[in-house]
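Letter by letter, the chains look like this.
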Amino acid sequence: MSILYTIVSLSLLGAVSALVLYFVAQKFKVFEDPRIDLVEAELPAANCGGCGYAGCRNLAETMVKAETLEGLYCPVGGNAVMARIAAVLGRDAVAREARIAVLRCNGTCEFRPRINQYDGVSSCVMVSALYGGETGCSYGCLGCGDCVAVCSFDALHMDPFTGLPVVDDMKCTACGSCVKTCPKNLFELRKRWKGEKKIYVACMNKDRGAIAGKNCKVACIGCSKCFKVCPHEAITINNYLAFIDSDKCKLCRKCVTECPTNSIIEFGFPIKKVISESSSLSTQLNQKEE
Amino acid sequence: MLKTFTRGGIHPPEEKLSAHTSIQSLPLPAIAIIPVAQHLGAPAKIEINKGDVVKTGQLIARGDGFVSANVHASVSGKVVKIEDVTDVSGYRKPAVIIEVSGDDWLESIIRNEYLDSEIKLTGEEILARITESGIVGLGGATFPSQVKMTIPRGKKVDCLVINGVECEPYLTADHRLMIEKGAEILVGIELLKRAMNVNVAHIGIENNKPDAIRLMHNLVMSHKGIEVHALKIKYPQGAEKQLIKAILNREVPSGGLPVDVGVVAFNVGTVFAIYEAIQKNKPLFERIVTVTGKSLRQPANYKVRIGTPVSLLIQCAGGLPDNTGKIICGGPMMGKTLINADVPIVKGSSGILIIPSGESNRKPVQPCVRCAKCVSVCPMGLEPYLLMPLSEQKIYDRLETEHVMDCMECGSCSYICPANRPLLDFIRLGKLQVGKIIRSRK
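Numbers given for residues are sequential positions, taken from 1 along each chain in its written order. Each chain is given a letter, starting from A, and each ligand a number, starting from 1, according to the order in which they appear as written. Totals for whole chains, interfaces and linings use every residue, but because this is a predicted model, local features are given only for residues with pLDDT of at least 70 and side-chain atom pairs only at 80 or more, for both listing and counting.

Focus on the overall build of chain B
The helix and strand inventory of chain B stands at 13 helices and 17 strands. As a reference, a globule follows 2.2 Å times the number of residues to the power 0.38, and the radius of gyration itself is taken over C-alpha atoms. For 442 residues, the compact-globule formula gives about 22 Å, and the C-alpha radius of gyration of chain B, at 21 Å, lands near that figure. Within chain B, the proportion of its 442 residues that are buried is 51%. Residues are treated as contacting if the C-beta atoms built from their backbones sit within 7 Å of each other. Across chain B, every contact between residues at least 6 apart in sequence was considered, and the portion connecting residues at least 24 apart equals 73%. In this description a helix means any DSSP run of H or I spanning at least four residues, a strand means any run of E spanning at least two, and both kinds are numbered starting from the N terminus. Counting other C-beta atoms within 10 Å of a residue's C-beta gives its exposure: the residue is buried at 20 or more, exposed at 12 or fewer, and partly exposed in between, where C-beta atoms are placed from the backbone.

Here's the deal with the domain arrangement of chain A
Residues and elements named next belong to chain A. Segment limits for the domains were obtained from an automatic or database-derived domain assignment. By the assigned domains, chain A splits into domain 1 (34-89) and domain 2 (99-289). Inter-centroid distance (C-alpha atoms) of domain 1 to domain 2 is 33 Å. Each side of the interface is counted separately: domain 1 has six residues, and domain 2 has seven residues. By the convention adopted, Pro, Cys, Tyr, Trp, Phe, Met, Ile, Leu, Val and Ala count as nonpolar, Lys, Arg, Asp and Glu as charged, and the other residues, Gly among them, as polar. Looking at the side of domain 1 that touches domain 2, its residues break down into four nonpolar, two polar and no charged.

Considerations on the interface of chain A and chain B
Contacts between the two partners involve 13 residues from chain A, matched on the other side by 14 residues from chain B. Classifying every residue of the side of chain A that touches chain B by side-chain character gives seven nonpolar, four polar and two charged.

Looking at the domain arrangement of chain B
When the parts of a complex come together, some accessible area is lost, and that lost area is often taken as the interface size. Each assigned domain of chain B is listed with its residue range as follows: domain 1 (27-100), domain 2 (123-279), domain 3 (286-360) and domain 4 (373-441). Measuring from the centre of the C-alpha atoms in domain 1 of chain B to the corresponding centre in domain 4 of chain B gives 35 Å.

What to know about the nonpolar core
Residue and element names in this part refer to chain B. Linking buried Ala, Val, Leu, Ile, Met, Phe, Trp, Tyr and Cys residues through C-beta atoms within 7 Å yields a set, and such a set is a nonpolar core. Of all hydrophobic cores here, the largest spans 190 residues; its most connected members are Ile34, Leu160, Val271, Ile274 and Leu313. Per-element accounting of this core gives the leading share, ten residues, to helix α3 (residues 173-196). Excluding its chain neighbours within four sequence positions, the residues that come into contact with Ile34 are Ile60, Val71, Ala73, Ser74, Ala95, Val96, Ile98, Ile306, Gly307 and Pro344.

Remarks on unusual backbone geometry
Keep in mind that most residues, glycine aside, have a negative phi and that most peptide bonds are trans. All names here are of chain B. With an omega dihedral of -5°, the bond running from Tyr235 to Pro236 counts as a cis peptide bond. Within the element layout of this structure, Pro236 appears in the loop between β11 (226-231) and α5 (240-248). Within the chain, His403 stands out as a residue other than glycine whose phi angle is a positive 60°. Its place among the elements puts His403 in the loop between α11 (396-401) and α12 (412-416).

Digging into the sheet that holds strand β2 (residues 31-35) of chain B
Picture the strands of a sheet paired through backbone hydrogen bonds; they go either parallel or antiparallel. Residue and element names in this part refer to chain B. Any two strands with at least two DSSP bridges between them are considered paired. Strand order in this open sheet of four strands is β2-β8-β7-β4, and the pairing throughout is antiparallel. On the outer flanks of this sheet lie β2 and β4 (53-54), each paired with one strand and no other. Judged from the two bridges that link them, β4 and strand β7 (residues 77-86) form a sheet pairing that is antiparallel. Looking at the pairing, Val53 lines up with Lys78 of β7.

Quick look at the sheet that holds strand β16 (residues 336-337) of chain B
Residue and element names in this part refer to chain B. With mixed pairing, six strands are arranged side by side in an open sheet as β1-β14-β13-β17-β15-β16. Looking at strand neighbours, the two that pair on one side only are β1 (24-25) and β16, the edges of this open sheet. Relative to strand β14 (residues 300-305), β1 runs parallel, the two being bridged by two bridges. Directly across from Gln24, in β14, lies its bridge partner Tyr302.

A closer look at the packing of α3(B) against helix α6 (residues 268-279) of chain B
Residue and element names in this part refer to chain B. Here an angle of 0 to 180 degrees is reported between the N-to-C directions of two axes, which are lines fitted to C-alpha atoms, with helices fitted over the stretch in contact. With their axes 7 Å apart at the nearest point, α3 and α6 run at an angle of 55° to one another. Our classification of the angle between α3 and α6 gives oblique. The interaxial crossing formed by α3 with α6 has left-handed handedness. Along the contact surface, α3 presents Ala173, Asp174, Leu177, Met178, Lys181, Glu184, Ile185, Val187, Gly188, Ile189, Leu191 and Leu192, while α6 presents Val268, Gly269, Val271, Phe272, Ile274, Tyr275, Ile278 and Gln279. Among the residues making up the contact of α3 with α6, the classes are represented as 14 nonpolar, three polar and three charged. Angular relationships are summarised with four words: roughly parallel below 35 degrees, roughly antiparallel beyond 145, roughly perpendicular across 65 to 115, and oblique for the angles in between. Left-handed describes a crossing whose near helix is turned anticlockwise from the far helix through less than a right angle; right-handed describes the clockwise counterpart.

What about helix α1 (residues 123-132) of chain B?
All names here are of chain B. Every buried residue of α1 is listed here: Ile126, Arg129, Ile130 and Thr131. Looking at the buried residues of α1, the elements they touch are α2 (145-149), α3 and α6. Positive phi appears at Gly134, one or two residues downstream of α1, with a value of about 65°.

Side note on the environment of B:Val365
All names here are of chain B. Mapped onto the secondary structure, Val365 falls in the loop between α8 (357-360) and α9 (373-377). C-beta crowding within 10 Å serves as the criterion here: with 12 such atoms nearby, Val365 is assigned to the exposed category. Put simply, Val365 and Cys417 are 52 residues apart on the chain and 10.0 Å apart in space, counted from C-alpha to C-alpha. Those residues in contact with Val365 that sit more than four places away from it in its chain are Ala419, Asn420, Arg421 and Pro422.

Focus on the environment of B:Ile46
All names here are of chain B. Residue placement: Ile46 occurs in strand β3 (residues 45-46). For Ile46, a count of 18 C-beta atoms within 10 Å puts it in the partly exposed group. Here the alpha-carbon distance between Ile46 and Ile82, two residues 36 residues apart in the chain, equals 8.9 Å. With sequence-adjacent residues up to four places away left out, Ile46 is seen in contact with Val36, Ile60, Ala61, Ile82, Pro94 and Val96.

In structure tokens, the structure reads:
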């Protein structure tokens, strides 16, 4: 008999709780667009913040709420993911050219000698808040690896021999975390060519040519030779520093051979020329400038 | 019972090696490098050209904007270059480079040591002359003096605080200045009282300078409204907020300035520069610099022209010792390591300190043991152990609510930390980022 009491009382208790829960759930129901989950499922779930939003969920919410997908782009997923998201939301897809991060500094230990020793906290942003860095060039890579720490895709590694970070082309998603982190603004997102071909000015030094050349053998000295030789008007010179616009550049490689300090570097091309004796050229130049 | 500030503070070894060496004039350098950004605020605009011949005391760069200061030639000679030179900040900044020939002063400057205590100018004229002479705070902060003296509307100043504390270990420049130019400093204070329309001034001197305290005590007998206070030896008593608390027991509110409690503070070096600017018509182009260090042969105090390379000072003090680890500009607590000895002396350089290589190295960092020593020594009542991880993890909103901007970077927390944690490094970084956020809001 007593087992019956137990069954009845527990069933009653269960029924009452279910009723309460049902009404409470109805009362506090939050409507959430089911498409947010669908869009989020399409996103790479890297939560890198490369889109400018706080993680993939936040971007998905913004995409569903927004009228168009203009200005909303997941650099990690790229065009393929954006096309799938556009299909889910029934909107026009936004396509962008694939990009890749490059380090605009080639001041290795060999080219850019250390003139003092920093013994504080190993962090680039800390060093740059204190002073110009261990070398004479206050624009170049500080080599503490803030960018390596911030990269969510394992695409950046410190090269122990050069003291510079190296971008892994296969892993880089152009999320832009390194661009935001580097206190010297050395990373740039450039157009991604087939076969990972790259041509860029690997220097950010805005000092006058003589000073830049003295502190680093491969510094851009602002001589404008590349500017004059470029047939596509892709090169601009500001503050003794050349810049190649990757959207205008056609990879003709004329500037690479013209550069007297080898500060314009190329990657992914078949070997055409023997790299000329960079050090002797720049020392000649130094003497001339002095 | 000696007066002092109530919260926090430390007492590092004093090491005042050069306290009894009188001020000597340093020989002129062969080339003077005069940066135009020697003060807080906008860099001055260069008003001369390459090839010009300048006289000592001539204006070479005019203050650009409200918070800025004029820069004058400290030597006579030919301007050979105007280019970017690495200065104390470790970055390249524009500077005027003068090749020294002779020592040809402007005729308007009175070149004698005679004590001129007669005040002829009115308050406005004094203020104008201070602006013209490029006077900045010589304690190290290099804040333009005329800006400090311009009281915001609605605020009232009832007394001046004169800082003769020199709480940084090793440094003795202010100490020697008080002993040798005490009477001039008092005339300077009278000038400031006139210019700011204030009747009371308090001079604070730490008790490790009994000779200076005695001398100033005797000198103020003949001045009305000036009082000398002997203070307990405690770092950072030379910070203006701590000094005001120590002497007047007034607390500057968080985020506020001394003027909020009716006080304006000046360093004795600044007061002496003001005396020279008004009574001798001499712009600020030289200052007293202590060259010191345990390994140095002759620690000394020098009267140095702005723009003299640090190497010349070290040479005169017995040459650079072989085992030098760091050359620090300023004191050991708040000074900055120089990247080489070619850096010029600027208006804010109070000392050059040589640290041997064994002492200069940082010790290995260990985990925080929550001993809260940093909390007990922080003179601003902050919690450094908390601020450091907040800054490390980029939690800037919380940093702001924890009053990180009140930190004055005295370094007491890093000094006392038994685990050698780089507390101040991270707090300074946090201040930088929070400062950016606050400015972007405006």
